[in-house]
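Each chain, written out:
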Amino acid sequence: MDPVLMHLCALEFLGTLVLVLMGDGVCAACNLNKSKAQGAGWVVIALGWGLAVMAGVFVAHASGAHLNPAVTIGLACTGGFGTFLANAGVTASLTTSVIGYIVAQMIGGFLGAVLVWLVYRDHFNITEDKEAVLGTYCTMPAIDNKPANFFTELVATFILLLMIIGIGNYADVANVGAVSAWPITAVIVSLGMSLGGPTGYAMNPARDLSPRIAHAILPMAHKRDSGWGYSWVPVFGPICGAIIAAFVGKAFGLC
């Protein structure tokens, strides 16, 4: 693999690991028995996830800090990712780069989820509420209506990528790196508070599918099935939303 691309993928891996560690970490803090933050509620979770994204962006700013397969695919559709790669000196194809980023993000998300289990292992062991355990790792809908749930994830991720495109254009950069960490944090918090109620606002396959796999594999004392019948929604909903946002952004001259 192109050495420059390998370095960028390594940053995506590390940034996504930090994102999931801190994001799932706030869910563990609020959900698990005898945690000092147990019951802190939705506002804390929304703020915690926004700050988790910010932390991941600071770590991975040199890679563009996508930290999300949907963002990578969406930015590839705008042409901005290709421009960023060319400016960074990457010689690999756009397809290879997209695949490399996504693989790095998914592995980072998985290991971040494993670290959450290690940090909160004693609390997982005494939490008998299987829904709370699953909810620490991945999203499940408040009302199981998959077409509506899919639409919710599509709309939320559409807004996310549209904001990323707009911020990137304003900052005259082809990525979502350190310049835009603070406004993206605000966007994530706002989306959690406004559109997060129906599905838990995954908006990111690496934030949802990778921890879901970890939940399935890890030897937890109390757990239900990992919700595989729903798992496609927080993967394909965000990807579709990001692709639509890319074309809308181009149509309106945002990128």
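Before reading further, recall that the structure is shown in the block above.
Here's a quick rundown of the structure. (Residues numbered from 1 in each chain as written. Predicted model: local features only at pLDDT ≥ 70, side-chain atom pairs only at ≥ 80, totals over all residues. Heavy atoms only, no water.)

## Quick notes on the pattern of salt bridges
Counted under the stated rule, the structure contains five salt bridges. Close ionic contact of D24 with R207 constitutes a salt bridge, the shortest N to O distance being 3.7 Å. Pair noted here: D24 is in helix α1 (residues 3–31) and R207 is in helix α10 (residues 205–217), with a separation of 183 residues, a long-range link. Note that R224 and E131 form a salt bridge whose closest N and O atoms lie 3.1 Å from each other. Highlighted residues: R224 in the loop between α10 and α11 (233–251) and E131 in helix α7 (residues 130–137), separated in sequence by 93 residues. R224 sits in the partly exposed class, given a relative accessible area of 23%. (Salt bridge = Lys/Arg side-chain N within 4 Å of Asp/Glu carboxyl O. Helix = DSSP H or I, 4+ residues; strand = E, 2+ residues; numbered from the N terminus. Buried < 20%, exposed > 50% of the residue type's maximum accessible area, 1.4 Å probe, protein only.)

## Concerning α1
Here α1 is 29 residues long and its end C-alpha atoms lie 41 Å apart, about the 42 Å a rise of 1.5 Å per residue gives. A distance of 2.7 Å separates the backbone nitrogen of V4 from a side-chain oxygen at the start of α1, and that oxygen is part of D2. (Expected span 1.5 Å × (residues − 1). Polar contact = N/O pair within 3.5 Å; in protein donor to acceptor, adjacent residues only side chain to side chain.)

## Quick word on the packing of α1 against helix α5 (residues 94–119)
Where α1 contacts α5, the two axes come as close as 7 Å, and the packing angle between them is 35 degrees. Crossing handedness for the pair α1 and α5: right-handed. Tallied by class, residues from the contact of α1 with α5 come to 15 nonpolar, nine polar and two charged. (Axes fitted to C-alpha atoms, helices over the stretch in contact; angles between N-to-C directions. Left-handed = near helix turned anticlockwise from the far one by under 90°. Nonpolar A, V, L, I, M, F, W, Y, C, P; charged D, E, K, R; others polar.)

## Describing unusual backbone geometry
The phi angle of most residues is negative, glycine excepted, and most peptide bonds adopt the trans form. The backbone phi angle of K34 is positive, close to 65 degrees, even though this residue is not glycine. Along the chain, K34 falls in the loop between α1 and α2 (42–60). K34 sits in the exposed class, given a relative accessible area of 68%. With a phi angle near 60 degrees, L67 is a residue other than glycine that sits in the positive phi range. Note that L67 resides in the loop between α2 and α3 (69–78). Judged by its relative accessible area of 2%, L67 is buried.

## Comments concerning α2
When the terminal C-alpha atoms of α2 are compared, their 27 Å separation across 19 residues agrees well with the 27 Å that a helix rising 1.5 Å per residue should span. The secondary structure elements touched by the buried residues of α2 are α1, α9 (181–195) and α10. (Contact = heavy atoms within 4.5 Å.)

It is worth stressing that arrangement in space is one thing and function is another; only the former is reported here.
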